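Close look at the chain arrangement
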Amino acid sequence: MSRHEGPTHTSAPPKLPATLRLGAVHLSVSDLDRSVDFYEDAIGLRLHHREDSVAAMGVGEEDLLVLYEERGARRAGRHAGLYHYALLFDSREELAHAALRLAETQTPIQGASDHGTHEAIYLPDPDGNGIELAADRPRKLWPRPLEYSGGPHPLDFDGLLATVAGEEPRGKANPGLIVGHVHLHVGDLERGLGFYRDVLGFELMTFMPGAAAFVSAGGYHHHLGFNIWRGEGVPPVPEGRVGLRHWTVVLDDPEEVEAVRERVRAAGIATEEREGGGFLVRDPWGIAVLFVPAQSLEA
C-alpha cells in the first residue's frame, strides 16, 4: 500500500525537521567482550571508549553503538522491542566491502534484499540483536510511490561484489557509516502511528495493513519502521532481556528539541531529562527514544 492509502487523519500532524538524523543505538548484551570483538571484526567498528560494563563504538568522532553488559540477560522472545537497526554505508562499494568483511570473518547472515530504495544485508549480533547493513540508492532512482508491501527482491550479490572486484577485504568500515534507521516490534500499528506520527512528528511514508508502517522526516524512505509480526497486542520488553535500551534522534537546534518536548508533554506523556538539553520518551510499549540537539554531541 502506498503512503496515500494509510489510515485517515483529519488534522495536519506535526512534522519533524527535514534535517533530522539518527544518533547512537544503545543495546543491552550479555557478554561485552564477545560483543566488542564481534562488532570490531565482523562489522568493522572501532572501540571509542570502554568503562566497566559499557562500551561505545563507531568509525568517526560520534558513537554509532553503545553496548551495556547485562550478565545473564536472556534473548528476546514474543514481545515488543528491537527488530533490527540499520548501519548505512555512504556508497554501494562500501556495502560490498562490508560483504567481503563478513565473508573473510565467516560471519553468518540471515538474508539479503533489494528494497528498491536501498540494498541490505541482514545478520544477528552474538545475542540475536538484529543488524541491517545497507546502502541507499540515489533518491531520483527510488520507486514512486514508495512501496514495500510487495516484498523485496533478492540482493544481486554478484553485481554488488563486482563494484570492488580485485580489492582485498578491509578490516575497518569507512568513516561515512551512520545509523540509517531503526525497526521495531510493536503491538498495534494504529497506536504506533498515534505516537510516532501524531505526537513526535514523523511522516507516514508507507503503510502495510496488518503488517508494518514506515515513517520518516524530510521525505526519507524511513527513519523508523514498526511491525506487528510478533502478533497484535504483544507486551512490552520484560526485565532481563538483551535488546534495545534506546535509540537516538538528533535535531539541529535546541528549539527543535524543545518543540518535540512540548508536544510530548501536551499529550500527557512523561519525559526523562538528559544532559545537554535532551530528553527521553517511551512509546506505548516502553521502547525509549532519546531526542538531543546536535550541539550536545560535539566534543
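Criteria and thresholds
Residues numbered from 1 in each chain as written. Predicted model: local features only at pLDDT ≥ 70, side-chain atom pairs only at ≥ 80, totals over all residues. Heavy atoms only, no water. Helix = DSSP H or I, 4+ residues; strand = E, 2+ residues; numbered from the N terminus. Buried < 20%, exposed > 50% of the residue type's maximum accessible area, 1.4 Å probe, protein only. Areas by Shrake-Rupley, 256 points an atom, 1.4 Å probe, with all protein chains shown as cover. Lys, Arg positive; Asp, Glu negative; His and termini not counted. Charge placed at Lys NZ, Arg CZ, Asp CG, Glu CD. pLDDT = per-residue confidence, 0-100. Contact = heavy atoms within 4.5 Å. Phe/Tyr/Trp six-rings, centres within 6.5 Å; stacked < 30°, edge-to-face > 60°. Lys NZ or Arg CZ within 6 Å of the ring centre and 35° of its normal. Pairing = 2+ DSSP bridges. Axes fitted to C-alpha atoms, helices over the stretch in contact; angles between N-to-C directions. Core = buried A, V, L, I, M, F, W, Y, C linked by side-chain atoms within 4.5 Å. Polar contact = N/O pair within 3.5 Å; in protein donor to acceptor, adjacent residues only side chain to side chain. Expected span 1.5 Å × (residues − 1). Arc of directions from axis to C-beta. Salt bridge = Lys/Arg side-chain N within 4 Å of Asp/Glu carboxyl O.

Details of the overall build of the chain
Within the chain, the regular secondary structure consists of five helices and 18 strands. C-alpha atoms of the chain, sized along the principal axes, occupy 55 × 45 × 35 Å. Looking at the chain residue by residue over its 299 residues, the buried ones come to 52%. Surface accessibility of the chain: about 13200 Å² in total, with carbon and sulfur atoms responsible for 49%. Where the 28 positive side-chain charges of the chain centre and where its 45 negative ones centre are 4 Å apart.

Quick look at the confidence of the model for the chain
Overall, the predicted model of the chain reaches an average pLDDT of 94, with 96% of residues at or above 70. In this model, residues 1-6 is a region of pLDDT below 50 whose contacts with residues beyond four sequence positions or in other chains number 19 contacts.

Some details on the packing of aromatic side chains
Per the counting criterion, the structure on display carries seven aromatic pairs. Ring centres of Phe38 and Tyr39 lie 5.0 Å apart, and the angle between their planes is 85°; on these two criteria the pair is classed as edge-to-face. The buried category is assigned to Phe38, whose relative accessible area is 14%. Taken together, the ring pairs connect Phe195, Tyr196 and Phe226 into an aromatic cluster. The cationic tip of Arg191 hangs over the ring face of Trp285; the distance from NZ or CZ to the ring centre is 5.4 Å. Here the guanidinium or amino end of Arg245 rests over the ring plane of Tyr68, the centre of that ring lying 4.0 Å away.

Some remarks on the sheet that holds strand S14 (residues 224-227)
Taken together, nine strands build an open sheet; the order of strands is S10-S7-S8-S9-S6-S11-S14-S13-S12 and the sheet is mixed. The open sheet is flanked by strand S10 (153-154) and strand S12 (203-208), the only strands paired with a single partner. Pairing between strand S6 (residues 81-89) and strand S9 (residues 130-136): five bridges, direction parallel. Within S9, the residue paired with Phe89 across the bridge is Ala135. Against the sheet, helix H4 (residues 189-200) engages strand S11 (178-185), S12, strand S13 (212-216) and S14, with an angle of about 155° to S14.

A word on the environment of Val179
With respect to the element layout, Val179 can be found in strand S11. Put simply, Val179 and Leu67 are 112 residues apart on the chain and 15 Å apart in space, counted from C-alpha to C-alpha. The residues touching Val179, leaving out its near neighbours within four places in the chain, are Leu22, Gly23, Val25, Leu64, Ala86 and Leu87.

Some points on the nonpolar core
In a soluble, globular protein the nonpolar side chains are often hidden away together inside. Core analysis: the biggest nonpolar cluster contains 73 residues, and Tyr39, Leu133, Leu200, Trp247 and Phe291 have the highest contact counts within it. The contact partners of Tyr39, leaving out residues within four places of it in the chain, are Leu27, Gly44, Leu45, Met57, Leu65, Leu67, Tyr85, Asp125 and Ile131.

Thoughts on the side chain of Asn129
The topology assignment puts Asn129 in the loop between strand S8 (118-124) and S9. Polar contacts involving the side chain of Asn129 include one to the main-chain amide nitrogen of Gly243, which spans 3.5 Å. Residues in contact with Asn129, not counting those within four places in the same chain, are Leu27, Ser28, Val29, Leu82, Leu123, Pro124, Val242 and Gly243.

As for helix H5 (residues 254-266)
The end-to-end C-alpha separation of H5 is 18 Å, in line with the 18 Å expected for 13 residues at 1.5 Å each. Buried residues of H5: Val257, Val260, Arg261 and Val264, and no others. Seen end-on, H5 carries its buried residues on one side only, within an arc spanning 105°. Seen from the buried face of H5, the exposed residues on the opposite side, beyond 90 degrees, are Glu255 and Ala266. Lining the buried residues of H5 we find H4, strand S15 (243-251), strand S16 (271-273), strand S17 (279-282) and strand S18 (288-293). Of the residues one or two after H5, Gly268 is the one with positive phi, at around 80°.

Here's the deal with helix H1 (residues 32-43)
Because an α-helix completes one turn every 3.6 residues, residues spaced three or four positions apart along the sequence face the same direction. Taking 1.5 Å as the rise per residue, H1 with twelve residues should run 16 Å; its terminal C-alpha atoms sit 15 Å apart, in good agreement. Three or more residues of H1 are buried, namely Leu32, Ser35, Val36, Phe38, Tyr39, Ala42 and Ile43. Its side-chain oxygen placed 3.2 Å from the backbone nitrogen of Asp33, Asp31 serves as the N-cap of H1. After H1 finishes, the residue Gly44 shows a positive phi value of roughly 90°.

Quick look at the pattern of salt bridges
Side chains that differ in sign of charge can pair as their charged atoms come close. With the rule as written, the count across this model stands at 17 salt bridges. Here Asp127 makes a salt bridge to Arg34, at a shortest N to O gap of 3.1 Å. Here the residue Asp127 occupies a position in the loop between S8 and S9, and Arg34 occupies one in helix H1, the gap between them amounting to 93 residues. Overall, Arg34 belongs to the partly exposed group, its relative accessible area being 37%. For Arg137, the salt bridge is made with Asp114, and the minimal N-O distance between the two is 2.7 Å. Separated by 23 residues along the polypeptide, Arg137 in the loop between S9 and S10 and Asp114 in strand S7 (residues 111-114) bring together distant segments of the chain. Among the residues examined, Arg137 registers a relative accessible area of 25% and is labelled partly exposed. Beyond isolated ion pairs, a larger network of salt bridges with shared partners links Arg92, Asp114, Glu119 and Arg137.

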